[in-house]
There are 2 protein chains.
Amino acid sequence: MGETTNLAELRFSHDRCVDCPIRNRAVCSYSSPRQLAELDAAKFYRDYEPGQEIIGEGEPCDAVGSVVEGVVALHRTMEDGRRQTVGLLFPSDFVGRPLRTVAPYDAIALTPVRMCLFHRKRFEEILQHNPSLERRLLEMTLDELDAARDWMVLLGRKTAIEKLASFLLILAHRTATLDNQPFDDGIAITLPLTREAIAEYLGLTIETVSRQFGVLKRNGVISLPDPRITVIEDLRALFYLAGEDPDQEFEPRPFRPAANA
Amino acid sequence: MGETTNLAELRFSHDRCVDCPIRNRAVCSYSSPRQLAELDAAKFYRDYEPGQEIIGEGEPCDAVGSVVEGVVALHRTMEDGRRQTVGLLFPSDFVGRPLRTVAPYDAIALTPVRMCLFHRKRFEEILQHNPSLERRLLEMTLDELDAARDWMVLLGRKTAIEKLASFLLILAHRTATLDNQPFDDGIAITLPLTREAIAEYLGLTIETVSRQFGVLKRNGVISLPDPRITVIEDLRALFYLAGEDPDQEFEPRPFRPAANA
DNA sequence: CGATATTTTGACCCGGCTCAACCCAAGTGG
DNA sequence: CCACTTGGGTTGAGCCGGGTCAAAATATCG
């Protein structure tokens, strides 16, 4: 696990909040320059390697903050070890449970991750006299709630192939908007997750995930130049398989660029 | 559907916010008397019969508010009709999506329901200059998010019997605390849902729900004096079956599955 | 009472899980 | 340079939990 090259690259790539890459999407996006100064003084960065725990389920949660770089998974684990990923967090998403001392789930870095953190108590203090911060946090939490409920439909009602198709669709949409390319055939998704992580997110087993990748590939819906790279060959087919309607505009809630309204 | 007796009983049972039965748990619970007066002036009550739609999925959502009496289900429906209940709301819970014009799911009354409503625009105005209201809404939304994520574990990882046991456990706990009785054997739950509504909540079919009720009954974990009334006979067994931690370890007993063959 | 809705039960089937082997790329050490 | 390990991924055989379809039993209500 001596994978530090990636981390080194992004370490200290910026320092002050005004230069922050997630400045206008994160929880601080409504904050005025003056308010930002307060956050600037209280924040600290921390980097994590893949597999490293950021917050532990059931442990006292003393830090909250935003993902600056990388992908974070939230999971809940049952006593017998069955695990379900209950959230995937990307840059600008908020991690941690303000207004509660114990974390209800754990947060694990899936890729090299940089977090912008606050001590929870300190963050709550700032929250008290920063309506714009609180407003933004409310907005983001409402969006997360919508996303969680969408995911409940997937977990409770969709078949394996529909689950995988829905998942790829979301990642494809995310990749397209981030890279500012059309949401169309040919998108190449670099999966930030192993088959195991995908299975935990979709409520399936690794074997089933792998088999469904096979089905999609065999039908020319995707191609897999590498197990971690998926190319969308037929977006409409993917929509169809996901049980979504390709003709109505697609707004996947999990990764909606949050600063809209 | 002429079930109006119940509604009549609670109609105009109170009028002013200070007399409200959910006064100290709902979104308004942090509001001062002065702030409450503003809410008091803006609110209006509305009653719904079982099966009636309170908010429609995809429709413009022009009202938000709190459940005063009854039980409300939120669902999302797929194009082919598969439906998943994504939330069950009880008195004091908040319904509707502030800060968004279109409802992401629909809300249906399962029992006779009385709502305390606000026009969404008006509510958002009040929210602007009422930090205590916004704070409470944030708190409640965070709690809802935690609950939704818990439910994702149930939907993604639990077996049918675990799902039903978990569900009954939640209702039992709710009933016990509301009636102020010990959370122990003997609790009688009056199910506010049909088998179909339960199935939609648990991500199962009605037949499977019914069969699992049978399994629990046959093993003496519950008794069913009436299909809509469940008496918990063995709470520890229910904990065990739910795959939850009853805090103490439970001795696994031989468990007899459905006695076919 | 009949009539309709809800619940239960039965028989059968299939999608996804389990268990097990195998593949393949990237280390690692001799 | 090759043998060995290790971790992720794929594939196959078989089974079983829960879905489907059908019918009977029971509640609810006019």
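Fair warning: this is a prediction, and the values are worked out from it, not measured in the lab.

Conventions we followed
Residues numbered from 1 in each chain as written. Chains lettered and ligands numbered in written order. Predicted model: local features only at pLDDT ≥ 70, side-chain atom pairs only at ≥ 80, totals over all residues. Heavy atoms only, no water. Phe/Tyr/Trp six-rings, centres within 6.5 Å; stacked < 30°, edge-to-face > 60°. Buried < 20%, exposed > 50% of the residue type's maximum accessible area, 1.4 Å probe, protein only. Helix = DSSP H or I, 4+ residues; strand = E, 2+ residues; numbered from the N terminus. Lys NZ or Arg CZ within 6 Å of the ring centre and 35° of its normal. Pairing = 2+ DSSP bridges. Axes fitted to C-alpha atoms, helices over the stretch in contact; angles between N-to-C directions. Contact = heavy atoms within 4.5 Å. pLDDT = per-residue confidence, 0-100. Domains from an automatic or database assignment. Buried area = accessible area lost by both parts, 1.4 Å probe. Salt bridge = Lys/Arg side-chain N within 4 Å of Asp/Glu carboxyl O. Core = buried A, V, L, I, M, F, W, Y, C linked by side-chain atoms within 4.5 Å. Near = heavy atom within 4 Å. Polar contact = N/O pair within 3.5 Å; in protein donor to acceptor, adjacent residues only side chain to side chain. Nonpolar A, V, L, I, M, F, W, Y, C, P; charged D, E, K, R; others polar.

Student: I keep staring at the packing of aromatic side chains and nothing clicks. Help me out?
Tutor: Given two aromatic rings, their pairing is described by the distance between the two centres and the angle made by the two planes. Taken as a whole and assessed by the stated rule, the structure comprises 10 aromatic pairs over all chains. Summarising the aromatic geometry, the rings of Phe118 of chain A and Phe123 of chain A are spaced 5.5 Å apart at their centres and angled 50 degrees between planes, so their arrangement reads as tilted. On the basis of relative accessible area, Phe118 of chain A is assigned to the buried category, the value being 6%. Between Phe183 of chain B and Phe239 of chain B, the ring centres sit 6.1 Å apart and the planes meet at 70 degrees, which makes this aromatic pair edge-to-face. With Phe183 of chain B in the loop between α5 (160-179) and β9 (188-190) and Phe239 of chain B in helix α8 (residues 235-242), this pair connects stretches of sequence that are 56 residues apart. Given a relative accessible area of 17%, Phe239 of chain B falls into the buried group. Cluster of aromatic residues (ring-pair linked, three or more members): Phe94, Phe118 and Phe123 of chain A. The cationic tip of Arg136 of chain A hangs over the ring face of Tyr30 of chain A; the distance from NZ or CZ to the ring centre is 5.5 Å.

Student: Is there a simple way to explain helix α8 (residues 235-242) of chain A in this structure?
Tutor: Two residues of an α-helix separated by three or four positions point the same way, owing to the 3.6 residues in each turn. Buried within α8 of chain A are the following residues: Leu235, Ala237, Leu238, Phe239 and Ala242 of chain A. Two residues or fewer past α8 of chain A, Gly243 of chain A is found with a positive phi of approximately 75 degrees.

Student: What should I look at first to understand the sheet that holds strand β9 (residues 188-190) of chain A in this one?
Tutor: Hydrogen bonds between backbone groups are what pair the strands of a sheet, and the pairing can be parallel or antiparallel. All names here are of chain A. Across the sheet, 3 strands lie side by side as β9-β11-β10; this open sheet has antiparallel pairing. Strands with a single pairing partner mark the edges of an open sheet, and in this sheet they are β9 and β10 (222-226). Shown here is a sheet whose adjacent strand axes are inclined to one another by a mean of 25 degrees, direction ignored. Sheet contacts for helix α5 (residues 160-179): β9, β10 and β11 (229-232); angle to β9, the most-contacted strand, approximately 100 degrees.

Student: It is not clear to me how the side chain of Glu162 of chain A should be interpreted in this structure. Could you clarify?
Tutor: Tracing the chain through its elements places Glu162 of chain A in helix α5. Beyond its immediate chain neighbours, meaning those up to four positions away, Glu162 of chain A contacts Arg157, Leu241 and Ala242 of chain A together with Met78 and Arg82 of chain B.

Student: Looking at this structure, I do not really get the confidence of the model for chain A. What am I missing?
Tutor: If pLDDT is low for a region, its predicted coordinates should not be looked at in detail. Residue and element names in this part refer to chain A. Mean pLDDT over chain A works out to 90, with 89% of the residues at or above the 70 mark. In this model, residues 1-12 is a region of pLDDT below 50 whose contacts with residues beyond four sequence positions or in other chains number 16 contacts. Low pLDDT (under 50) marks residues 254-261, which in the prediction has 17 contacts with non-local residues, meaning those over four places away or in another chain.

Student: What's the story with the domain arrangement of chain A in this structure? I'm lost.
Tutor: The extent of an interface is frequently quoted as the accessible surface area lost upon association of the parts. Residues and elements named next belong to chain A. By the assigned domains, chain A splits into domain 1 (5-154) and domain 2 (158-255). Centre-to-centre separation of domain 1 and domain 2, based on C-alpha positions: 25 Å. Facing 17 residues of domain 1, the contacting portion of domain 2 comprises 17 residues. Taken over both partners, the interface formed by domain 1 and domain 2 buries close to 1,600 Å², and the fraction arising from carbon and sulfur atoms is 65%. Among the residues domain 1 hides against domain 2, the three largest losses belong to Phe90, Trp151 and Leu154. Together they make up 39% of the total.

Student: Would you explain the pattern of salt bridges in this entry?
Tutor: Think of it this way: side chains of opposite charge can pair up when their charged atoms draw near. This structure, assessed with the given rule, holds 33 salt bridges over all chains. Notably, a salt bridge pairs Arg149 of chain A with Glu144 of chain B, separated by 2.7 Å at the nearest N-O pair. In this pair, Arg149 of chain A sits in helix α4 (residues 131-157) while Glu144 of chain B sits in helix α4 (residues 131-157), so the two residues belong to two different chains. Of the charged contacts, one joins Glu57 of chain B and Arg76 of chain B as a salt bridge, the two residues approaching to 3.2 Å between their closest N and O atoms. Taken together, the residues Glu57 of chain B in the loop between β2 (53-55) and β3 (63-69) and Arg76 of chain B in strand β4 (residues 72-77) connect sequence positions 19 residues apart. Residue Glu57 of chain B is classed as partly exposed on the basis of its relative accessible area of 24%. Residues joined in a network through salt bridges with shared partners are Arg97 and Arg100 of chain A together with Asp143 and Asp146 of chain B.

Student: Help me understand unusual backbone geometry in this model?
Tutor: Where the residue is not glycine, phi is negative for most of them; where a peptide bond is considered, it is trans in most cases. The backbone of Leu99 of chain A sits at a positive phi, close to 65 degrees, despite the residue not being glycine. Note on placement: Leu99 of chain A falls in the loop between β6 (94-95) and β7 (106-109). For Leu99 of chain A, a relative accessible area of 22% corresponds to the partly exposed category. A positive phi angle, close to 60 degrees, is found at Asn180 of chain B, a residue other than glycine. Mapping Asn180 of chain B onto the fold places it in the loop between α5 and β9. Residue Asn180 of chain B is classed as exposed on the basis of its relative accessible area, which comes to 71%.

Student: Just checking my understanding: could you explain the nonpolar core for this structure?
Tutor: As a rule of thumb, soluble globular proteins bury nonpolar side chains together. Counting residues in hydrophobic clusters, the biggest one holds 170 residues, and the most contacted among them are Phe167 and Leu168 of chain A together with Phe167 and Leu168 of chain B. Contact partners of Leu168 of chain B, with chain neighbours within four places excluded, come to Ile189, Leu191, Phe213, Leu216, Ile222, Thr230 and Leu238 of chain B.

Student: What am I meant to see in the protein's contact with DNA strand C here?
Tutor: Contacts to DNA strand C come from 16 residues, most closely from Ala160, Thr208 and Arg211 of chain A together with Arg195 and Ser210 of chain B. Between DNA strand C and the protein, one listed contact pairs a phosphate oxygen with a backbone N or O atom of Ala160 of chain A at 2.7 Å. In this structure, Arg211 of chain B approaches DNA strand C through a side-chain N or O atom, which is 3.0 Å from a base nitrogen. A per-class count over the surface near DNA strand C returns 4 nonpolar, 6 polar and 6 charged.

Student: Sorry if this is basic, but what is going on with the pairing of strand β4 (residues 72-77) of chain A here?
Tutor: Within a regular strand, side chains alternate between the sheet's two faces. All names here are of chain A. Both β4 and strand β5 (residues 83-89) contribute to a ladder of 6 bridges, which runs antiparallel. In the sheet register, Arg76 faces β5, and the bridge partner there is Gln84. Count of turn residues in the β4/β5 antiparallel hairpin: 5 residues, of which Gly81 carries a positive phi of about 100 degrees. Sheet analysis places β4 next to β7, joined by 4 bridges and oriented antiparallel. Within β7, the residue paired with His75 across the bridge is Asp106.

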